[in-house]
Amino acid sequence: MDDYTEPENRLPGWNGQNASTMSESHIFVISCLFAVLIGILTIGYTAFQWRRNINLTWMKAIARSKKNPKARSKVPTAPHAWILESMPRGKSLNCCVCLKSVACSQALGQMVASDASICRCSICGAAAHLGCTRNAHKDCKCVSMFGYEHVIHQWAVRWTELTDQPDKSSFCSYCEEPCSGSFLGGSPIWCCMWCQRLVHIDCHGSMSNETGDICDLGPFRRLILSPLFVKELHRSSSGGFLSSITHGANGIASSVCSTIRSQSKMDTAASSIVADMSTENAADTHQTNNDSYITKESSNCSPSTGLLEQPQDGHDVKEMDSKPRYERSSSINQKDESQSVGLKQKYDLTDLPPDARPLLVFINKKSGAQQGDSLRLRLNMLLNPVQVFELSTTWGPEVGLHLFRRVRHFRILVCGGDGTVGWVLNAIDKQNYVSPPPVAILPAGTGNDLARVLSWGGGLSSVERQGGLCTVLHHIEHAAVTILDRWKISILNQQQKQLEPPKFMNNYLGVGCDAKVALEIHNLREENPEKFYNQFMNKVLYAREGAKSIMDRTFADFPWQVRLEVDGIEIEVPEDAEGVLVANIGSYMGGVDLWQNEDENYDNFDPQSMHDKILEVVSISGTWHLGKLQVGLSRARKLAQGQSIKIHMFAALPVQIDGEPWYQQPCTLTISHHSQTFMLKRVAEEPLGHAAAIITDVLENAETNHVITASQKRDLLQEMALRLS
């Protein structure tokens with residue numbers, strides 16, 4: 001029995017030794033796997049660095065050899081238009097001069113201004129260190145090739161990743177093999193700044209010999225303002241009227257510059273890398289795409305890129321002992337506006353072919369999520385920068401319309417909200433066109449109600465989902481022309497005398513609680529513009545301000561404070577009403593359909609239309625009612641339809657027109673039909689939409705060939721829009 005039980009006594013010890021051995025074996029295996037993983041990562045990192053060094057060597061060789069093809073094709077040089085901007089987060093950018101990364105050099109601690117900002121070309125998107133701009137090649141997009149027989153390809157290294165690409169643009173245009181769009185990926189490539197085509201460096205020589213480097217401007221050739229017809233004007237800035245403007249504005253520019261210097265630490269770091277502007281012409285200049293200098297981004301910068309005159313010595317970047325001299329446009333009296341624009345015009349358009357349909361672009365960088373700078377850069381890369389204008393309080397749409405004054409057929413793209421669209425339409429009215437140019441909308445505001453009605457989308461996010469700006473340009477080229485009624489609002493006192501200049505309405509007019517919310521949001525935007533950084537947050541702020549007024553019975557006496565007349569007939573305002581809305585289109589407050597044509601409860605009313613010269617009047621019963629309208633849980637109360645509307649106000653009330661609010665003292669608001677203007681509607685996948693686009697093109701060609709007159713074309717377009725709507 002003892003011999004039999006002895007192995008059982010040794011079994012626990014043996015099991016402990018076996019477990020210890022197994023544990024050591026597991027640790028060894030895990031260590032080996034970890035070592036293998038470290039080795040693989042090391043090899044991968046080494047290979048990446050090796051590939052990166054090879055690509056950097058390629059890029060340096062390309063940069064050194066760029067002059068050769070340009071010399072053969074005789075493409076004119078164009079300096080970069082540098083702007084100073086903050087360091088982008090999450091983006092890998094390389095300096096176009098030294099080819100090193102422009103990422104922050106300090107990972108920890110407080111960054112100095114030179115580490116927190118970079119120079120960015122507002123035309124081609126190239127980035128550079130502050131100290132490298134003076135050595136940058138003059139290889140930016142050349143906006144004027146006047147005198148050339150053909151547009152020449154402008155091949156350049158793609159320094160920024162394009163989010164807007166035409167179809168099939170990721171292949172070499174010569175060998176049709178794939179091209180990598182990454183700075184560090186694949187074989188080095190060139191990209192044409194005009195047609196956006198790509199070509200391998202090895203293929204460029206053969207392609208140039210076969211085609212002569214002639215560029216057809218790509219798929220958007222009809223929308224692009226060809227540089228062949230852009231003539232640079234050479235004016236003397238001295239003498240007469242222009243000299244008086246120059247000397248009178250120098251003091252304003254100096255005070256503005258000193259204010260900017262004291263507000264930003266960036267200015268100290270950039271003080272040795274600014275343009276050497278002449279004293280006489282310093283205040284007489286604007287930001288241009290064809291002159292190389294550095295300016296700090298500001299809402300007060302010139303609205304146009306490349307339109308206004310620059311000093312003759314503004315092409316070089318030199319050192320100065322003083323702080324940077326940032327440029328600002330001088331103020332202009334309204335009565336001399338047309339003359340001043342003509343005197344300061346840098347470019348002119350001449351000898352455009354009859355089939356040209358260039359696109360005139362207006363951008364309001366303060367609209368909605370304030371993405372105007374990004375839109376301007378993207379459109380500058382796709383179009384001719386001369387045709388892209390930035391609106392400001394100093395320069396309105398008249399600047400761009402003056403440049404296009406001799407263009408027979410052109411279209412307009414407004415990048416902004418409903419207020420910006422109204423601004424541009426008012427400027428078009430003042431030009432007294434026989435047949436005004438049609439207007440498309442890139443919805444960059446908060447509500448974007450007119451853009452929704454015209455099928456352009458409810459915001460920039462919807463545009464990006466549909467394919468970006470390339471898709472928008474394609475839709476503009478094939479869009480159908482439709483009609484929009486415009487209405488005049490006269491503000492009269494009790495003696496029927498006009499209190500102020502008339503205003504104009506395109507979408508809707510509101511009196512009461514909805515205008516109060518719009519006014520509070522407007523004041524908040526003026527005080528804290530940084531809070532309005534995207535469309536969703538803008539709507540959240542609208543909802544917050546509306547919620548504050550739910551328990552506020554400010555407009556409990558509203559029905560007795562107003563009297564409503566429609567076509568001379570007094571309309572009773574409901575006792576629970578806290579606001580009255582007059583609508584011209586079927587979208588309000590970001591997509592709410594106030595009239596609802598399909599509603600069968602109101603058989604005595606006609607369907608709503610934006611070109612029937614009739615307005616619709618509804619009432620709302622407070623901000624809580626507005627909230628339910630927004631989510632589709634309620635409907636507005638229909639009151640009347642008519643062509644002439646009067647709202648008599650017996651107390652001071654908030655009023656808003658197309659989202660632009662103000663506080664109005666007692667008066668009479670008289671609404672009457674003003675005019676009809678042409679708008680562009682995105683064509684849906686339906687026969688009628690395509691037919692309208694084709695007919696529009698046929699009528700424009702008929703006018704070009706003198707088969708019909710401009711007034712006849714206008715009448716035919718109006719009739720077509722009415723029949724196809």
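1. Quick notes on the sheet that holds strand β23 (residues 637-642)
1) Next: In space, the six strands of this open sheet follow the order β23-β22-β21-β18-β25-β26, with antiparallel pairing throughout. Both edges of this open sheet fall to β23 and β26 (660-664), since each of them pairs with a single strand only. Direction aside, the axes of adjacent strands within the sheet are offset by 20° on average.
2) Next: Pairing of strand β18 (residues 508-512) with strand β25 (residues 653-657), which is carried by three bridges, proceeds in the antiparallel orientation. Residue Gly510 lies in a different strand from β25, and its bridge partner there is Gln656.

2. Examining the sheet that holds strand β6 (residues 198-200)
1) Next: With respect to topology, three strands assemble into an open sheet ordered β4-β5-β6, the strand pairing being antiparallel. Looking at which strands have only one partner, the edges of the open sheet turn out to be β4 (155-156) and β6.
2) Next: Contacting β4, β5 (189-192) and β6, helix α4 (residues 201-211) runs over the sheet at an angle of about 105° to β6.

3. Structural notes on unusual backbone geometry
1) Next: In the Ramachandran plot, Asn432 falls in the positive-phi region, its phi being about 55° despite a non-glycine side chain.
2) Next: As for its position among the elements, Asn432 is in the loop between α10 (418-430) and β15 (439-443).
3) Next: For Ser455, which is not glycine, the phi torsion reads 70° and is therefore positive.
4) Next: Position of Ser455 relative to the elements: it lies in the loop between α11 (449-453) and α12 (460-465).
5) Next: We classify Ser455 as partly exposed; its relative accessible area is 26%.

4. Focus on the pairing of strand β1 (residues 82-86)
1) Next: Burial within β1 is extensive, with four of its five residues counted as buried.
2) Next: As defined by bridge partners, β1 adjoins strand β2 (residues 117-121) across five bridges and the pair is classed as antiparallel. From the neighbouring strand, Glu85 faces β2, where its bridge partner is Ile118.

5. Concerning the pairing of strand β16 (residues 480-492)
1) Next: Counting buried positions along β16 gives 12 out of 13 residues, so the element sits mostly inside the fold.
2) Next: Bridge analysis of β16 against strand β27 (residues 667-681) gives 13 bridges, and the strand direction is antiparallel. Paired with Val481 across the strands is Leu680, a residue of β27.
3) Next: Note: β16 against strand β17 (residues 503-505), three bridges, orientation antiparallel.

6. A look at the packing of aromatic side chains
1) Next: One pass over the full model with this rule turns up five aromatic pairs.
2) Next: Measuring from ring centre to ring centre gives 4.9 Å for Tyr508 and Tyr588, while their planes differ by 80°; the resulting arrangement is edge-to-face. Placement of the pair is Tyr508 in strand β18 and Tyr588 in the loop between β21 (579-583) and β22 (615-620), with a sequence separation of 80 residues. Comparing Tyr508 with Tyr588, the two get one shared label, buried.
3) Next: Here the aromatic residues Phe404, Phe410 and Tyr433 are joined through ring pairs into a cluster of three or more.

7. Topic: the environment of Asp202
1) Next: Summarising the element assignment, Asp202 is placed in helix α4.
2) Next: With relative accessibility at 66%, the residue Asp202 sits in the exposed group.
3) Next: The spatial distance from the C-alpha of Asp202 to the C-alpha of Cys175 is 10.0 Å, given a sequence separation of 27 residues.

8. A closer look at α4
1) Next: Burial in α4 covers these residues: Cys203, His204, Met207 and Ser208. Buried residues in α4, looked at end-on, bunch into an arc of 135°, giving them a common side. Among the exposed residues of α4, those oriented more than 90 degrees off its buried face are Asp202, Asn209 and Glu210.
2) Next: Just downstream of α4 lies Gly212, where phi reads positive at about 70°.

Conventions and cut-offs
Residues numbered from 1 in each chain as written. Predicted model: local features only at pLDDT ≥ 70, side-chain atom pairs only at ≥ 80, totals over all residues. Heavy atoms only, no water. Pairing = 2+ DSSP bridges. Helix = DSSP H or I, 4+ residues; strand = E, 2+ residues; numbered from the N terminus. Axes fitted to C-alpha atoms, helices over the stretch in contact; angles between N-to-C directions. Contact = heavy atoms within 4.5 Å. Buried < 20%, exposed > 50% of the residue type's maximum accessible area, 1.4 Å probe, protein only. Phe/Tyr/Trp six-rings, centres within 6.5 Å; stacked < 30°, edge-to-face > 60°. Arc of directions from axis to C-beta.

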